[in-house]
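# A structural walkthrough
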Amino acid sequence: MTGKILVSACLMGHAVRYDGRSKPLVHPAIDRWREEGRLITICPEMSAGMAVPRPPAEIADGATGEDVLAGTARVMEITGGDVTAEFRQAAENALALATETGCRYALLIDGSPSCGSGFIYDGTFSGGRQNGRGVTAALLKQAGIEVYSDREIDLLVERLKVAD
Ligand code: SF4
C-alpha cells in the first residue's frame, strides 16, 4: 500500500461546515481506507481558527483559489468580512499536514472556497457556479498532490489500484 489520502473532515461526518453540518460520503472505499489507516482528516478552515457555524464565504469577483494564492483575489464572507488571510492559512495548514503524513492524494468536497476542486461559486452568493479550485485544493495541486473531488472517488479507487 502506498500513499495516504488527505480528506475533508465534513466528508468524514464531522460537523464542521459553515452551517454547522457535515456532508458524509458513503462509499465502501471510505470504510476500507479507514481500516487501512490511509485517511488523514482535516477541516482546513477550522485549522485556521474559523468558527462553526460561520458566515458563508466565496472567492470574490469570479476568481479562483490560484488567484487568492497569487495575491490577486480575496475571499469574502456574505456579511462583508475579508477572510483571505484565514483561507490562505487554512491551505498552508492542509499542505503542512499532507506533507508531514505523506499524503500523495487528497479527497476533498466539491464547491467549497477551500476544498472545491471541480467547481466553486462565483462570488455573488447567488448560487452561480464556475469551474475552478478553492484555495486549499489549489495549493495542494501546486505542491504535486493529486486532488480528487468527492464525486471522483471512483477515479481515486482506480488510481490507487495502479499505484499500490
Ligand atoms: S473547509 Fe473543507 S473540510 Fe472544512 S467544512 Fe469546508 S469543505 Fe469541509
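Our subject is the structure that appears above.
Residues numbered from 1 in each chain as written. Predicted model: local features only at pLDDT ≥ 70, side-chain atom pairs only at ≥ 80, totals over all residues. Heavy atoms only, no water.

## Here's the deal with the packing of helix 1 (residues 28–36) against helix 6 (residues 153–163)
Note the cut-off: To get an axis, a line is fitted to the C-alpha atoms, and for a helix only the part in contact is used. The angle between two axes follows their N-to-C directions and goes from 0 to 180 degrees. Helix and strand assignments come from DSSP, with helices taken as H or I runs of at least 4 residues and strands as E runs of at least 2, each series counted from the N terminus. Reported orientations rely on four angle classes, namely roughly parallel under 35 degrees, roughly antiparallel over 145, roughly perpendicular from 65 to 115, and oblique for the rest. Here is the rule for handedness: rotate from the far helix to the near one, and if that takes an anticlockwise turn smaller than a right angle the crossing is left-handed, while a clockwise turn gives right-handed. Here a residue-residue contact requires only that any non-hydrogen atoms of the pair lie within 4.5 Å.
Interaxial distance between helix 1 and helix 6 falls to 10 Å at its minimum, and their mutual angle equals 45°. In this view, helix 1 runs oblique relative to helix 6, as classed from their interaxial angle. In the crossing of helix 1 with helix 6, the sense of the turn from one axis to the other is left-handed. Across the interface between the two elements, Ala-29, Ile-30, Arg-32 and Trp-33 from helix 1 touch Ile-153, Leu-156, Val-157 and Leu-160 from helix 6.

## What to know about the layout of surface pockets
Under the convention used in this document: Computed over the protein atoms alone on a 1 Å grid, cavities are sets of points where a 1.4 Å probe fits but cannot get out and pockets are open sets with protein on both sides within 12 Å along at least five of seven lines; a residue lines them when it has an atom within 4 Å of a point. Grid points are joined across faces, edges and corners, and a volume is the space filled by probe spheres set on the points.
Each pocket or cavity is described by its volume, and for the largest pocket that value is around 600 Å³. Residue lining of the largest pocket: 32 residues in total, with Arg-17, Tyr-18, Gly-111, Ser-112 and Pro-113 positioned closest to the centre. Residue assignment for the lining of the largest pocket shows that the elements contributing at least two residues are helix 2 (44–47), strand 3 (57–59) and strand 6 (119–121).

## Some details on the packing of aromatic side chains
Rule in force here: Stacked, tilted and edge-to-face pairs are distinguished by plane angle, under 30 degrees for stacked and over 60 for edge-to-face with tilted covering the rest, among Phe, Tyr and Trp rings (Trp via its six-membered ring) whose centres lie within 6.5 Å. Accessibility here uses a 1.4 Å probe with only protein chains present; expressed as a share of the type maximum, an area under 20% marks a residue as buried, one over 50% as exposed, and anything in between as partly exposed.
Per the counting criterion, the structure on display carries one aromatic pair. Residues Phe-119 and Tyr-121 carry aromatic rings whose centres are separated by 5.6 Å and whose planes lie at 80° to one another, so their mutual orientation is edge-to-face. The class for Phe-119 is buried, based on a relative accessible area of 10%.

## Quick notes on the sheet that holds strand 2 (residues 39–42)
Counted only if it meets this: Pairing between strands is defined by DSSP: at least two bridges between them are needed.
As summarised here, the arrangement of the four strands in space is 2-1-5-8, forming an open sheet in which the pairing is parallel. Either end of the sheet is taken by a strand with one partner, and the two such strands are strand 2 and strand 8 (146–149). Within this sheet the neighbouring strands show an average axis-to-axis angle of 25°, counted without direction. Contacting strand 1 (4–8), strand 2 and strand 5 (103–108), helix 4 (residues 84–101) crosses the sheet at an angle of about 160° to strand 2.

## Description of empty space enclosed by the protein
Selection rule: Only Asp, Glu, Lys and Arg are considered charged in this grouping, and only Ala, Val, Leu, Ile, Met, Phe, Trp, Tyr, Cys and Pro are considered nonpolar; every other residue, Gly among them, is considered polar.
For the coordinates displayed, the defined rule picks out one cavity of 30 Å³ or more. Volume-wise, the largest cavity comes out at about 30 Å³. Residue lining of the largest cavity: Ala-57, Glu-58, Ile-59, Gly-111, Ser-112, Pro-113, Ile-120 and Tyr-121, and that is the complete set. Elements with a minimum of two residues in the lining of the largest cavity: strand 3 and strand 6. Of all the elements, strand 3 adds the most residues to the lining of the largest cavity, at three residues. When its residues are assigned to classes, the lining of the largest cavity shows five nonpolar, two polar and one charged.

## A word on the pattern of salt bridges
Where we set the bar: Here, a salt bridge means any Lys or Arg side-chain nitrogen found within 4 Å of an Asp or Glu carboxyl oxygen.
Going through the model one piece at a time under the given rule, you end up with nine salt bridges. Close ionic contact of Glu-146 with Arg-159 constitutes a salt bridge, the shortest N to O distance being 2.9 Å. Within this pair, whereas Glu-146 is found in strand 8, its partner Arg-159 is found in helix 6, the two being separated by 13 residues in sequence. Measuring nitrogen to oxygen at the nearest pair gives 3.0 Å for the salt bridge that ties Lys-161 to Glu-158. Residue Lys-161 and its partner Glu-158 are located together in helix 6, separated by three residues, close to a single helical turn. Classification of Lys-161 by relative accessible area gives exposed; the value is 57%.

## A short note on the environment of Leu-108
For Leu-108, the position within the fold is in strand 5. Look at Leu-108 and you get buried, because its relative accessible area is 2%. Along the backbone, Leu-108 and Glu-152 are 44 residues apart, and their C-alpha atoms lie at a distance of 9.5 Å. When sequence neighbours within four positions are dropped, the list of residues in contact with Leu-108 reads Leu-6, Ser-8, Leu-11, Cys-115, Ala-137, Leu-140, Val-147, Tyr-148, Ser-149 and Asp-150.

Interpretation in functional terms is not warranted from these geometric data alone.
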